[in-house]
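The residues making up each chain are set out below.
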Amino acid sequence: MKSRTKARGIALQVLYEFDMTGHPLGDSLEARFSEDPMDEQLEEFARQIVTGVTPIVDKLDNVITAHAPEWPLDQVAVIDRNILRIALWEFAVEKCTPVKVAINEAIELAKVYGSDSSSRFVNGVLGSLVTHITEIQNKLQNTV
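Caption draft 1: Local environment of the nonpolar core. Residues Leu88 and Leu126 are the most contacted members of the largest nonpolar core, which totals 47 residues. Residue assignment for this core shows that the elements contributing at least two residues are α1 (3-21), α2 (25-35), α3 (40-53), α4 (57-67), α5 (78-93), α6 (99-113), α7 (118-130) and α8 (133-140). At 10 residues, the largest contribution of residues to this core is made by α5. Leaving out residues up to four positions away in the same chain, Leu126 has contacts with Leu84, Ala87, Phe91, Ile103 and Ala106.

Caption draft 2: Geometry of the pattern of salt bridges. Tallied over the entire structure, the rule returns nine salt bridges. Its salt-bridge partner being Arg85, residue Asp19 comes within 3.0 Å of it at the nearest N-O pair. Here Arg85 lies in helix α5 and Asp19 lies in helix α1, a separation of 66 residues in the sequence. On the basis of relative accessibility, which here comes to 32%, the residue Asp19 falls in the partly exposed class. The class of Arg85 is buried, set by a relative accessible area of 4%. The network of salt bridges with common partners includes Lys2, Arg8, Glu90 and Glu105.

Cut-offs applied
- Residues numbered from 1 in each chain as written.
- Predicted model: local features only at pLDDT ≥ 70, side-chain atom pairs only at ≥ 80, totals over all residues.
- Heavy atoms only, no water.
- Core = buried A, V, L, I, M, F, W, Y, C linked by side-chain atoms within 4.5 Å.
- Buried < 20%, exposed > 50% of the residue type's maximum accessible area, 1.4 Å probe, protein only.
- Helix = DSSP H or I, 4+ residues; strand = E, 2+ residues; numbered from the N terminus.
- Contact = heavy atoms within 4.5 Å.
- Salt bridge = Lys/Arg side-chain N within 4 Å of Asp/Glu carboxyl O.

By themselves, these are just geometric observations and shouldn't be taken as functional.
Set out below in structure tokens:
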């Protein structure tokens, strides 16, 4: 697994745990880092994802819901929801990852952590979002 993919995987695990249990994010991150050490840059990338996504979950979810209404988020698996949030944060909020790379990384995470159909689902939703990328970036512009 590529190193940034590994960092995304750690962030995904922490966001999933937070959604399911409400455990403190810092504690969850530190536990993951102690289980699977990474260099400081990758730890920082994982931290940026978690601290970037968490405060704007509602805004990210609203964007996903508005542009992909055929997939009600309350019926989407928690892991898939968090994969979508991470990708959307990376290419529309932080703009730290090119859109195609963010989508490919999200698909890879879905293959590793999701169900058999997760990768197709994530690809479909993100494909719908990308057709409105400028509008979405403008809507999320003031969230950083």
